[in-house]
Structures are given as C-alpha cells and as structure tokens.
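Results of the structural survey
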Amino acid sequence: AVVTGASRGIGAAVAAELRRAGAKLVLNARSEAGLHDVATPGDAVVTGDLTQAETRERVVAEAVARFGRIDLLI
C-alpha cells in the first residue's frame, strides 16, 4: 500500500492500521523527519511533493522495486 501524507494525522493513522493488518507500506510525505517518526524498518520511505512528477515516479518505482506491485493507494 502507498500512503501519502503519512507523516502525521490521517495518513499516519491509516499507515498504522494497514501495518497492523499486515500490509507492506510505501510511505510518502513532504517532511522526511515526520516520515521517519512513523516508519518502521520494513517500510519504504519516499519523501517529496506529489504535485511533482518526479516524486510520483519515485514512489511508484520504489513500490514496484521493493514489493512488486501497488495494491492500494491512499
């Protein structure tokens, strides 16, 4: 699952629930510090603004490289 806005609020809560359900996570937010507060060792972390094409490409590339596919995008 790719969770955007994962560094705080709803995104962080969704990431925590998906992790408890056994999902493999790619976490994205603009703030690297915030993401590392939420991430666990098994998660992929990609910082950057999703309004930028390069960031979107990195998120997808990381998800596919690490987990083989994307099943859910939040």
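Check the entry above for the structure.
Model, not experiment: these values are computed from the prediction.

What counts and how
- The residue numbering used here restarts from 1 in each chain and proceeds along that chain's sequence as written.
- Totals for whole chains, interfaces and linings use all residues, but because this is a predicted model, local features are given only for residues with pLDDT of at least 70 and pairs of side-chain atoms are given and counted only at 80 or more.
- With hydrogens and water excluded, all non-hydrogen atoms of the structure serve as input to the side-chain values.
- Each helix corresponds to a stretch of at least 4 residues labelled H or I by DSSP, and each strand to a stretch of at least 2 residues labelled E; elements are numbered beginning at the N terminus.
- For every residue, the accessible area (1.4 Å probe, protein chains only) is compared with the maximum for its type, and the residue is labelled buried under 20%, exposed over 50%, or partly exposed between those bounds.
- What makes two residues a contact is simply this: any of their non-hydrogen atoms within 4.5 Å.
- Any two strands are treated as partners once DSSP identifies two or more bridges connecting them.
- Interaxial angle, 0 to 180 degrees, is taken between N-to-C directions of lines fitted to C-alpha atoms, where a helix line uses only the stretch in contact.
- Think of a salt bridge as a Lys or Arg side-chain nitrogen and an Asp or Glu carboxyl oxygen that are within 4 Å of each other.
- Here a helix's expected span is defined as the number of its residues, less one, multiplied by 1.5 Å.
- The directions from the helix axis to the C-beta atoms form the arc being described.

**Some details on the environment of arginine 56**
Residue placement: arginine 56 occurs in helix H3 (residues 53-67). Judged by its relative accessible area of 39%, arginine 56 is partly exposed. Between the C-alpha atoms of arginine 56 and alanine 15, which are 41 residues apart in sequence, the distance is 18 Å. Apart from residues no more than four positions distant in its own chain, arginine 56 is found in contact with Leu50 and Thr51.

**Overview of the sheet that holds strand S3 (residues 44-47)**
Strands belonging to one sheet form pairs held by backbone hydrogen bonds; the direction of such a pair is parallel or antiparallel. If you trace the three strands from one edge of the open sheet to the other, you get S1-S2-S3, paired in parallel fashion. Each having just a single partner strand, strand S1 (2-4) and S3 make up the two edges of the open sheet. Strand-to-strand twist of the sheet, defined as the mean angle between neighbouring strand axes without regard to direction, takes the value 20 degrees. Inspection of the sheet shows strand S2 (residues 26-29) paired to S3 by four bridges, in the parallel sense. The residue bridging asparagine 28 from the neighbouring strand is valine 46, located in S3. Across the face of the sheet, helix H1 (residues 9-20) comes into contact with S1 and S2 while running at roughly 160 degrees to S1.

**Focus on the pattern of salt bridges**
According to the stated counting rule, one finds five salt bridges in the structure shown. A salt bridge links arginine 19 to aspartate 43, with the shortest nitrogen-to-oxygen separation between them at 2.5 Å. Highlighted residues: arginine 19 in helix H1 and aspartate 43 in the loop between helix H2 (32-38) and S3, separated in sequence by 24 residues. We note a salt bridge from aspartate 71 to arginine 69, for which the minimum N-O separation is 2.8 Å. Comparing aspartate 71 with arginine 69, the two get one shared label, exposed.

**What about the side chain of serine 7?**
As for its placement among the helices and strands, serine 7 is situated in the loop between S1 and H1. Sequence-distant contacts of serine 7, defined by excluding residues within four places in its chain, comprise Ala12, Ala29, Ser31, Gly34, Leu35 and Val38.

**Observations concerning H3**
Here H3 is 15 residues long and its end C-alpha atoms lie 21 Å apart, about the 21 Å a rise of 1.5 Å per residue gives. Those residues of H3 that fall on the buried side of the exposure criterion are Thr55, Val59 and Ala63. Angular distribution of buried residues about the axis of H3 spans 70 degrees; they occupy a single face of the element. Facing away from the buried side of H3 by over 90 degrees, the exposed positions are Glu57 and Ala65. Where H3 is buried, its residues touch S1, S2 and S3. Downstream of H3 by one or two residues, glycine 68 has phi in the positive range, about 90 degrees.

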